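Survey of secondary and tertiary structure
For reference, the chains in residue letters:
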Amino acid sequence: MMMKRCFVVLSLMLFVFVAKAQDTIVLQTVEVVDSPLKKTAEASMERSMDPSLIKRLNTVSMSQLLIQHSPVFIKTYGPGGLATASFRGTTPSHTLVLWNGFRLNTPSLGQVDFSTIPVFMTDNIALQWGSRTSSNSGGLGGVVNIENNGYYGDGLILDLKQSYGSFNSIGSYLTLGYSAEKCFVRVKAYRNSSDNDFEYNNVALIPHQAMRQKNADFVDYGVMPEAEFKFKNSLLSVVSWNQWSYRNQPQIMPNVNNDNTKEYNENVFSRNFISYKYYWNTGYLMLKTACFYEQQHYFLQSYTSDGHPVTTVNTDNDAFSFFNIVDLEQRLALRWNLHAKIQWDNEHVKADNYDSLKKRNILSIYAAVNGKLLGNLNLRLTLRNDIVDGTNVGLFPTATLSYVFFNIKELSANVGYSHNYRSPSLNDLYWTPGGNPELKPENGKTWDFNLKYQKEIKRLKIESQLGIYYSMVNDWIQWVPTTYRYWIPENVSEVLAYGLELHVGLDYSFKDLNLSLSGNYVYSSTSDMSEMAELQNTKGKQLIYIPKHHANAFLSARWKTWNVSYTMEFTGRRNTSMNDDEFFAFQLDPYMLHHLSFGKQICKFNIEARLNNFTNVDYQAVLWRAMPGISWEVMIGYKL
Amino acid sequence: MKKIFVNICIALLIFSALLTSCNKKTIDNPNYNNEIGKGVFVLNEGTFTYANSSLTFYDNVADTVGNNIFYKANMAPVGDIAQSLCLYGNSLFIVVNNSGYIYKVDARTVKYQAKLDNLNSPRYMIPAKDNKAYVSDLERTGLWIVDMNEMKVTGFVETGNTTDRMVSLGNRIFVCNWSNYYVPETSNETVQVIDVDSDSYIAEIKVSKEPNSIVTDADGMIWVLCSGGYSGEKDPALYRIDPVTCSVVDVFRFDNQSYPSSLAVDNTGEILYFLNGGYGTLDLYKMSIYDKALPDAPFILAGSRNFYNVSVSPENGEIYVADVKNYTQNGEVFRYTSDGDLISSFTAGIIPNYMLFN
């Protein structure tokens, strides 16, 4: 509590001090960072989040950004709760998350909690699919690629943000650094907390009653020092991302009247990397090494009515991961390019639920060539070979043909095939009881077709993208029950996922006015087609918690220093079990949320007010997990 | 430009106001008034932490089934991991393990009457005398004493071990100490005896690991089935116990790879049924209380079905076997004659487990 107060007071003091020192208007700089060797075929299998949107929403979590502005579906347990991503009809463990090229998916569970990634800690966010995911294993659905980038010659960097909102939600964000001609140094630090005691309608009690959420408070701290040095033909970067979070776990709705349990998660991580990039006219060589440490502590205790502990579950999971990457890009003759990568990963996990320290070594060799085949037709071929703990997992090829139309230059299309795999998580292999060391990797093949249209008509910019995919994942790992009454993971399912993603973006600027509209619609059909599913009469049924339809839309208007925006997110009906029954507990109703925001720039200050879920929709994202109704947030920022 | 921007702001505000006014909450009222007659309640435990437990009622005369009847009658879920049922007077008690409470509902309409909160991990409830019942608990070393009229905890019988399935015989309660997962220093290989008059623990009988089910027979003997531990390596066995002397009369040992569970007794008190098998499948076995050895062959083969629990009608000896399928979809209950002929089957909820004849 003391620490929290100090942080807020210090932030405010710094604010006032800086505010007095400066009073000129500075427009925010927007960097668009792109690799010089990124090719048409690659670009059409990727979508970068708008950098101005990232800057604007950098006090929210990545889960909120993705659900409101991308085709990725986020399954969230509520504010401060677990938020996992599902990409193109797959599960969270098939969404690979890369941070500057290093895997964030934890070795134990294989997935990423997006509520623990503040947008504030990132500079670029891109979604990748098809053969763009081929340089790493695991992204059978797709890749969320997060990057940090330095910039040069801007002098002192100072950016402060303080937010306060409903449920005593407090966020303090500080960026301090210096951007010289050949050197970039920056430290980001933040604290984010909320009592999270929102009011909701508990429909699991008899009779239904309005009540406050209990035991859902959380606090996160993070600090990220970065340094980048530019030499004649090279670049040296060092980044360290450190975070600590404490999250109380609220009871599910039916259980709220039981005051005899205490449950929380406490997570700490330190992710560090150093990279050296040597470049020349026609390519570059990059050497990267990283060391991640993650500790997850879970605590559950139940009490007697007079407060004496009855039972305690107190488990720790410590993971060390080391990554080493050699990356080469080289332009070849006849406008062909080569990208080659060798990566060696080493994972160590010590967990109370494993019988001993578990290790895994992965050696990966990857090559991609990309170039012009005929006229406007480009071809990209990739091949990867991975060796996991001395066992060759196999060869994984991808091929993509891309075409820019002769008569409509703004229109491009590509068609691709990719083959990839995902190793079982260490929990799948070694959890006691149940872990199955005999598991095979999951094996996924995807065919996709993408159309992209980009055009500028005077002041109007149009950007539109349509993606159609069809994928089959064999040996899909599923935890199945045994007669011993515990579950074990087996390679039993064969999951067929197909669907489409549509993105439309319009941007109109005239004098001081800027209007923009963007939207995503996703149709996703995902079902188990295995023999086991047929036997159990679940063949062809939509997998749980993956909606067939979801969509979002964003409308924004800016005039001089004023701005206003509206965001809509729609989540379709979701199954929570493999039944056709429309019993509420088996199918969650669709819902649509609406958010508003107003902002004003005054000198170097930026003031913003947000109204979330302003129609006060009563909904459940996960069965019997309470969600907040209407809430507000104000934010004041200062940027030098 | 300013005008356009202001107009956009106004349009957004009007749009927001419209959206807000459109958001009227509707509560689905199924107007459920069905009365329940003779038949069997099937409690579906549901998936852990999903709170998708449900209650099914099967009318065996009309061969009709009603699913989710608790939700339909009360517009609220049963809770998380509904464990067992208990009928007393005109009330039905639903013990909900991971929700830590017991619902009391009208046994004919399933309409809510009362609720007892703040138990730790309640498992089974057994009426003792007057309005007093005992409730076993997986996390507490003893039994809760509950007043079924008031739905209040009136005391606690400390036994030193966590408690699970129970039978009542005379003025004694016999309770299995099934698990020591949550309280590791305690026993998971005993049956304890409670005196109902004094609410005190009076004796202990040593059996194999994890006694998971207990019944009384026509001779007034107690039978206890032990799985031998969750990995199946620790001496699975069936015990016959003399309730008067509190001593083991007979032991029938299974081979080490067996995982026997769900012991049930028929309406005559002379035939026992239980599930047994190795990894993958549990078949249904049948034996007489007078048999000198365990049956060699299954009575009913599970085949591709995933048998989970067995119950026998106290009226006509018909056997009801719950198939939980893959644990994530609605299960099915198979109804057999005492000769093992299939009469019918009906769909229940997710993980049908406890069955109670009305």
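Please read these numbers as outputs of a predicted model, since none were measured by experiment. (Residues numbered from 1 in each chain as written. Chains lettered and ligands numbered in written order. Predicted model: local features only at pLDDT ≥ 70, side-chain atom pairs only at ≥ 80, totals over all residues. Heavy atoms only, no water.)

Before going further, it helps to spend a moment on the overall build of chain B. The helix and strand inventory of chain B stands at two helices and 27 strands. The C-alpha extent of chain B, read off along each of the three principal axes, is 95 × 45 × 40 Å. Within chain B, contacts between residues at least 6 apart in sequence are counted, and of these 43% link residues at least 24 apart. Within the structure as shown, chain B displays about 13800 Å² of accessible surface, and the carbon and sulfur contribution to it stands at 49%. (Helix = DSSP H or I, 4+ residues; strand = E, 2+ residues; numbered from the N terminus. Contact = heavy atoms within 4.5 Å. Areas by Shrake-Rupley, 256 points an atom, 1.4 Å probe, with all protein chains shown as cover.)

Regarding its fold elements, chain A presents six helices and 33 strands. Taken along the three principal axes of its C-alpha coordinates, chain A extends 75 × 65 × 45 Å. Counting all 640 residues of chain A, 56% fall into the buried class. Surface accessibility of chain A: about 26400 Å² in total, with carbon and sulfur atoms responsible for 60%. Looking at charge distribution, chain A has the averaged site of its 59 positive side-chain charges lying 8 Å from that of its 58 negative ones. (Buried < 20%, exposed > 50% of the residue type's maximum accessible area, 1.4 Å probe, protein only. Lys, Arg positive; Asp, Glu negative; His and termini not counted. Charge placed at Lys NZ, Arg CZ, Asp CG, Glu CD.)

Moving on to the sheet that holds strand β6 (residues 124–128) of chain A. In any sheet, the strands associate via hydrogen bonds between backbone groups, in a parallel or an antiparallel arrangement. Residues and elements named next belong to chain A. An order of β1-β6-β7-β4-β5 is seen for the five strands of this open sheet, with the pairing classed as mixed. In this open sheet, the two edge strands, each paired with only one partner strand, are β1 (46–48) and β5 (102–103). In terms of strand pairing, β6 meets strand β7 (residues 142–147) through five bridges, oriented antiparallel. Within β7, the position partnered with Q128 by the bridge is V143. (Pairing = 2+ DSSP bridges.)

Time to look at the interface of chain B and chain A. Facing the 62 residues of chain B at the interface are 67 residues of chain A. Overall, the association of chain B and chain A removes approximately 5500 Å² of surface from exposure, summing both partners, and the carbon and sulfur fraction of that is 61%. Here chain B is connected to chain A by zero salt bridges. Linking chain B with chain A are 15 residue pairs in polar contact (both at pLDDT 80 or more), by the criterion used here. Broken down by secondary-structure element, the contributors of at least two residues to the side of chain B that touches chain A are α1 (2–22), α2 (69–74), β6 (101–106), β7 (112–116) and β20 (261–265) of chain B. It is α1 of chain B that contributes the most residues to the side of chain B that touches chain A, 11 residues altogether. Taken together, the residues that form the side of chain B that touches chain A break down as 29 nonpolar, 26 polar and seven charged. (Buried area = accessible area lost by both parts, 1.4 Å probe. Salt bridge = Lys/Arg side-chain N within 4 Å of Asp/Glu carboxyl O. Polar contact = N/O pair within 3.5 Å; in protein donor to acceptor, adjacent residues only side chain to side chain. Nonpolar A, V, L, I, M, F, W, Y, C, P; charged D, E, K, R; others polar.)

Turning our attention to the pairing of strand β21 (residues 271–276) of chain B. Residues and elements named next belong to chain B. Buried residues dominate β21, accounting for six of its six residues. Side chains I271, Y273 and L275 of β21 all project onto a buried face; the interleaved residues L272, F274 and N276 project onto the opposite face, where all are buried too. Across three bridges, β20 lies against β21 in antiparallel orientation. Bridge assignment links S261 to a residue of β21, and that residue is L275. What sits between β20 and β21 in their antiparallel hairpin is a turn of five residues, with G269 showing a positive phi close to 80°.

As a further point, take the side chain of N514 of chain A. All names here are of chain A. With respect to the helices and strands, N514 occurs in strand β26 (residues 513–528). Assessed through its relative accessible area of 11%, N514 is described here as buried. At 3.2 Å, the side chain of N514 forms a polar contact with the side chain of D507. Leave out the neighbours within four places in its chain, and N514 touches D507, Y508, S509, S556, A557 and R558.

The next thing to look at is the confidence of the model for chain A. Averaged over chain A, the pLDDT score is 89; the fraction of residues at 70 or greater is 92%. Note that residues 1–39 of chain A has pLDDT below 50 and, in this model, 54 contacts with residues that lie over four places away or in other chains. (pLDDT = per-residue confidence, 0-100.)

Okay, the environment of T282 of chain A next. All names here are of chain A. The topology assignment puts T282 in the loop between β15 (261–280) and β16 (283–303). Residue class for T282 comes out partly exposed when judged on its relative accessible area of 29%. Along the chain, T282 and Q330 lie 48 residues apart, while their C-alpha atoms are 5.7 Å from each other. Beyond its immediate chain neighbours, meaning those up to four positions away, T282 contacts E329, Q330 and R331. There is a polar contact of 2.8 Å between the side chain of T282 and the side chain of Q330.

As a further point, take the sheet that holds strand β4 (residues 82–88) of chain B. All names here are of chain B. Spatial ordering of the open sheet is given by β4-β5-β6-β7, a layout of four strands whose pairing is antiparallel. Strands at the two margins of the open sheet, each flanked by one partner only, are β4 and β7. With direction set aside, neighbouring strand axes in the sheet form an average angle of 20°. (Axes fitted to C-alpha atoms, helices over the stretch in contact; angles between N-to-C directions.)

If you walk through the whole model with that rule in mind, you get 31 salt bridges over all chains. Salt-bridge contacts for K440 of chain A lead to D475 of chain A; the nearest nitrogen and oxygen are separated by 3.6 Å. Pair noted here: K440 of chain A is in the loop between α5 (426–430) and β23 (442–457) and D475 of chain A is in strand β24 (residues 460–481), with a separation of 35 residues, a long-range link. Note on K440 of chain A: relative accessible area 44%, which makes it partly exposed. The partner of K206 of chain B in a salt bridge is E189 of chain B, and the shortest N-O contact between them spans 3.6 Å.

Counting residues in hydrophobic clusters, the biggest one holds 43 residues, and the most contacted among them are W99, L104 and F114 of chain A. With four residues, the top contributor of residues to this core is helix α4 (residues 62–69) of chain A. (Core = buried A, V, L, I, M, F, W, Y, C linked by side-chain atoms within 4.5 Å.)

Our focus in this paragraph is α4 of chain A. With respect to burial, α4 of chain A is a largely interior element, seven of its eight residues being buried. Those residues of α4 of chain A not exposed but buried are M62, S63, L65, L66, I67, Q68 and H69 of chain A.

Two faces belong to every sheet, and in a regular strand the side chains alternate between them. All names here are of chain B. Burial of strand β10 (residues 142–147) is extensive: five of the six residues sit out of reach of the surface. In this structure, strand β9 (residues 132–137) lies alongside β10, joined through five bridges in antiparallel fashion. Counted as the bridge partner of K132 is D147 from β10. What sits between β9 and β10 in their antiparallel hairpin is a turn of four residues. Across six bridges, the pairing between β10 and strand β11 (residues 152–158) is antiparallel. The residue of β11 that forms the bridge with I145 is G155.

Right, let's talk about the packing of aromatic side chains for a bit. The description of an aromatic ring pair rests on the distance of the ring centres and on the angle between the ring planes. Across all of its chains, the model carries 46 aromatic pairs over all chains by this definition. Ring centres of F292 of chain A and F323 of chain A lie 5.0 Å apart, and the angle between their planes is 65°; this geometry places the pair in the edge-to-face category. Pair noted here: F292 of chain A is in strand β16 and F323 of chain A is in strand β17 (residues 309–331), with a separation of 31 residues, a long-range link. What makes F292 of chain A buried here is its relative accessible area of 1%. For F323 of chain A, a relative accessible area of 2% puts it in the buried group. Both rings, one in F70 of chain B and one in Y103 of chain B, keep their centres 4.9 Å apart while their planes meet at 45°; by these two values the pair is tilted. Taken together, the positions of F70 of chain B in helix α2 and Y103 of chain B in strand β6 put the pair 33 residues apart, joining distant regions of the chain. (Phe/Tyr/Trp six-rings, centres within 6.5 Å; stacked < 30°, edge-to-face > 60°.)

The next subject is the environment of N443 of chain A. Residue and element names in this part refer to chain A. Checked against the element boundaries, N443 lands in strand β23. When the C-alpha atoms of N443 and N267 are compared, they prove to be 31 Å apart, with 176 residues separating the residues in sequence. Excluding residues that lie within four positions of it along the chain, N443 makes contacts with H419, N420, Y421, M472, V473 and N474. Here H419 takes part through its side chain, which lies 2.6 Å from a polar atom of the side chain of N443.

The subject of this paragraph is the side chain of K341 of chain A. Residue and element names in this part refer to chain A. Considering the arrangement of structural elements, one finds K341 in strand β18 (residues 337–351). At 6.2 Å, D327 is the nearest oppositely charged side chain to K341, a buried residue that forms no salt bridge. At 3.0 Å, the side chain of K341 forms a polar contact with the backbone oxygen of S135. Not counting residues within four places of it along the chain, the set of residues in contact with K341 comprises S135, N136, I325, V326, D327, S364, I365 and Y366.

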